[in-house]
Amino acid sequence: MSTRPTPDDPALARQYPLAEPGDASSFPDQAQRPFPRERVFPRPLARPAEPQPARLDALFASAPVPLACLDSLGRIRDLNLAGAALLGSALDALRDAPLTMWMEPGEVEGFFAHLLAVLERGGRQTLDGRLRDRLGGHRDVRLISTRHGEGPNPLCLTAILDITEQRRGEERLRRDDAFGNALLRALPMEAAVLDRSGLVVAVNEGWQRSARQGGAEVRLTVGIGLDFVRTCRQAVRQAGDSGEVGAALGGVTAVLSGASPSFALEYGETCPEGPRWFSLTAIALPEPIGGALLTRTEVTALKVAEDTARRWEAGPAHAARVNAVGALSCALIHELAQPLATLGFSGDTALTLVRSGAATPEQVIPLLERIDAQATRAGELVRRLRGFMRRGTAEKGPIDLVATLHEGADLVRPQLAEKRVELILEVPTGPVAVLADQIQVEQVLVNLVNNAIEAMEQAGSPRREVRVQLGWAGDACLVTVRDTGPGLAAGRYEQVFDAFETGKPSGLGMGLAISRTLIQGHGGHLWADPDASGGAAFHFTLPAGPTP
């Protein structure tokens, strides 16, 4: 029965002389110290293992993977060229060198446990560790070992895989994940990360808190694993009408598929405490990660502030409209007086005929038709005035700009007739769609035409003409109002839009300032320049819209 040799066994020391700690003389090509004697755990050996037979030479020479044959003391009995390149020395200098020379002291014990497991139990064993390279750095390696040979002196055949780049990649992913998770936690709004298929893979505390407060079921509260796209599709099918859920589904799906880089949607919810508004956004995540970052932010306070601001803006605009009607009052009274007088005369005539008993249908019917036409004319004028003076916030929507210009022109026709001014409308015969509030567009047109009328009246212009033209400026509709008055003095083309800036004795100087504000609120521009005829030209643009 053999006995376990010890590191101090003279026979073993004579056959395999080990260097003392810190002594590199036995391995002239190595600057690292060998593993200290007192920590070697050899297996029982009847005799030292002999070098591998020649049949392994071809395998070692051709293998691109570093391969080494180790004995029970961890010494290199054979090594291929790839292994020598990894360890950074010539083959002859590496044979019989302990592999532990390239290990940190803290990893040696684990290496010998791995080595003994291979030699005693056989099978395939794996160990991850680090080896020093010839430049003084470290390489992350994975040892994949199996026992080779039978009898009392088997060897450990080990593939030494360099996994440095793999470890670096894993570390980068860990850092990126940690950074992404920290960023997700820091977001003040509800946030979730979707993979390419729409599955929720991460959520923040805001998402979970909102789900808990809303009484959602557990799977929605946890969030992770929820199929967002499938949930939206089910909601659309149950509702029978796509609406906002359908819009969210389409937008998020477009981002996930790469068809769109981002998507945003504002929608409202009815809650016991009142209406609430939310903004839903989806932003595509860069490759190779893919997927999307989904956020939901409550914007109720912002909506309330916007509504308050619109109401404040509506006040001056309404006052300006009332002031415009005041300026037109005399002409409007005259305009109403004519149909009312016709109504009275026609009514008296019809009554006289009926009371005489000699009235025939041929006599009465024309009188009634005249009464109906004049009543319609007066009612239409009152309707337009009521709409023009209506107080309220802007209601933007698709409107026909051609019809709106005709409506505005009808409002100022009495003033035009009184001041002997000719109005020329140069507009297309068909509809032109814009996205705007009809009353506010009429207000701007009425203000510009009134200014032109008053300028020509004050200057005593012999030729009094206002021309309203409708055209295009790129993708926007362009309305131009030209007059044949005295025009504007040099340097006043921008100054006239200042508040309280006026050239009229009784004017407040707010009309053009409010008009510019209204047009800018529609995403357009209002400006002035000299006209070739010698008068002034005012232009404003409005964004094109869908057909009303």
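Reading guide: rules and limits
- Residues numbered from 1 in each chain as written.
- Predicted model: local features only at pLDDT ≥ 70, side-chain atom pairs only at ≥ 80, totals over all residues.
- Heavy atoms only, no water.
- Helix = DSSP H or I, 4+ residues; strand = E, 2+ residues; numbered from the N terminus.
- Buried < 20%, exposed > 50% of the residue type's maximum accessible area, 1.4 Å probe, protein only.
- Polar contact = N/O pair within 3.5 Å; in protein donor to acceptor, adjacent residues only side chain to side chain.
- Contact = heavy atoms within 4.5 Å.
- Core = buried A, V, L, I, M, F, W, Y, C linked by side-chain atoms within 4.5 Å.

Draft legend 1. Structural context of the side chain of T164. Within the fold, T164 resides in helix α6 (residues 164-186). Given a relative accessible area of 2%, T164 falls into the buried group. There is a polar contact of 2.9 Å between the side chain of T164 and the backbone nitrogen of D140. At a separation of 2.6 Å, a polar atom in the side chain of T164 contacts the side chain of D162.

Draft legend 2. Examining the environment of D531 more closely. Relative to the assigned elements, D531 resides in the loop between β16 (526-530) and β17 (536-543). According to the relative accessible area criterion, D531 is buried, its value standing at 14%. Along the chain, D531 and V481 lie 50 residues apart, while their C-alpha atoms are 10.0 Å from each other. Once residues lying within four places of it in the same chain are set aside, the contact partners of D531 are R482, D483, A536 and A537.

Draft legend 3. Main features of the nonpolar core. With 40 residues, the main nonpolar core has L401, V449, V466 and V468 as its most contacted residues. The set of elements that each furnish at least two residues to this core consists of α14 (401-418), β13 (433-436), α15 (438-459), β14 (465-473), β15 (476-483), α16 (511-521), β16 and β17. By residue number, the principal contributor to this core is α15, which donates nine residues. In this structure, V466 is in contact with V421, E422, L423, I424, V449, A452, M456, V481 and R482, ignoring residues within four places of it in sequence.

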